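# Architecture at a glance
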Amino acid sequence: MHRFHIVDVFATERYAGNQLAVVTDAGDLTGKEMLAIADEMNYSETTFVTGPPTDSGWPVRIFTPAEEVPFAGHPTLGTASVVREHLAESKPETVTLDLAVGGVPVEARVDGDHERLWMRQQPPTFDEQVPHEELAGVLGLSPDRLNRDWPAQVVSTGLPTVIVPLVDRAALGSITLDRAAYDALVEGYGAKLVLAVCREPRATDNNLAVRVFAPYYDVPEDPATGSANGCLAAYLGRHGYLGSPPVTARVEQGYELGRPSILSLAVDGAGDTVEVGGRVLAVARGELL
């Protein structure tokens, strides 16, 4: 028997945020079966807890509808929530997941009236800068809609992402991804996620608005992306986009998809400790037949 749970991650309320299916007791499933289940669920990702915890943490595999990935943010928080609530003893404050990229600790913290889960991502790496003109073609924007005061760069905290600053939210809302140009970008730089960001959020208590695109993984646009926003946090620390580190930020995502999401970011003064946090709300549970 394989039980599963559905949760909304980075949600402002239930039925918002990014959906996740978590399959427990999945150690007897093959990779092919996991991929088929992920395709059936048809969420951005589905996770599989493949056994009890070891010294490295709870073993977990993550699948998009297209393939297995070594790391993803909202699956990490959502899976940790399910582990805390249903698998671990005494609902521990911290749960470590053993992912393909290594151990990722997830800590529960009370923030006002809500509990948020926070994950510390892998130390960031900063790779090539991408010409603004090339990215304008990928996003279907005129080059003047990209903010040339800031570099567009490939950053990774486990899953490489191209960070693309835009001039305003009108530009963010006008993106029409060009699949052929996107495929050429992936082939040239290796990063399969594209995060577009502007400093014009809808709510005054937020700092940034973003959109994230990942068609390579059969995810045309993602409503809330912890991995890419971890890369954004690292970018903030490196380039001072919101001032000198340490930096904290609240990020809006998913509004264009009708799935409002809020992600909390933090990077330390040295710029090498990146954390991403948000709410996880339970939606449903059941059994695979």
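Whatever comes next refers back to the structure up there.
Now for a description of the structure that goes with this document. (Residues numbered from 1 in each chain as written. Predicted model: local features only at pLDDT ≥ 70, side-chain atom pairs only at ≥ 80, totals over all residues. Heavy atoms only, no water.)

### A word on the pattern of salt bridges
To keep things clear, this is the line we draw: Any carboxyl oxygen of Asp or Glu that lies within 4 Å of a side-chain nitrogen of Lys or Arg is treated as forming a salt bridge with it. Categorising residues by exposure relies on relative accessible area from a 1.4 Å probe, with only protein chains included: less than 20% of the type maximum marks a residue as buried, more than 50% marks it as exposed, and the intermediate range marks it as partly exposed. Secondary structure elements follow DSSP: runs of H or I of four or more residues count as helices, runs of E of two or more count as strands, with numbering from the N terminus.
In total, this model carries 13 salt bridges according to the counting rule given. With a closest N to O distance of 3.4 Å, Glu107 and Arg109 form a salt bridge. Since its relative accessible area comes to 26%, Glu107 is described here as partly exposed. Arg109 serves as the salt-bridge partner of Glu275, at 2.8 Å between the closest nitrogen and oxygen. Within this pair, whereas Glu275 is found in strand S17 (residues 274-278), its partner Arg109 is found in strand S7 (residues 102-111), the two being separated by 166 residues in sequence. Residue classification places Glu275 among the buried residues on the basis of a relative accessible area of 14%. Through salt bridges with shared partners, one network takes in Glu107, Arg109 and Glu275.

### Quick look at helix H3 (residues 132-139)
How we decide: What the arc measures is the spread of directions leading from the helix axis to the C-beta atoms. Throughout, a contact is declared for two residues whenever any of their heavy atoms are within 4.5 Å.
Residues of H3 that are buried: His132, Leu135, Ala136, Val138 and Leu139. Taken around the axis of H3, the buried residues stretch over an arc of 160°, which confines them to a single face. On its buried face, H3 sits against strand S11 (161-165), helix H5 (179-189) and strand S12 (193-198). Where H3 terminates, the next one or two residues include Gly140, which has phi positive at roughly 70°.

### Remarks on the environment of Ala108
When you line up the elements, Ala108 lands in strand S7. With relative accessibility at 10%, the residue Ala108 sits in the buried group. For the pair Ala108 and Ile6, spaced 102 residues apart in sequence, the C-alpha separation works out to 19 Å. If near-sequence neighbours (up to four positions away) are discounted, Ala108 is found in contact with Arg84, Glu93, Glu115, Arg116 and Leu117.

### A few points about the side chain of Ser261
Our working definition: Polar contact criterion, stated in full: a pair of N or O atoms within 3.5 Å, where within protein one must be able to donate a hydrogen and the other to accept it, and residues adjacent in sequence count only if both atoms are side-chain atoms.
Relative to the elements of secondary structure, Ser261 occurs in strand S16 (residues 261-267). A distance of 3.1 Å separates a polar side-chain atom of Ser261 from the backbone oxygen of Pro223. Not counting residues up to four positions away in its chain, the partners in contact with Ser261 are Phe10, Thr12, Gly17, Asn18, Pro223, Ala224, Val251, Glu252, Gln253 and Tyr255.

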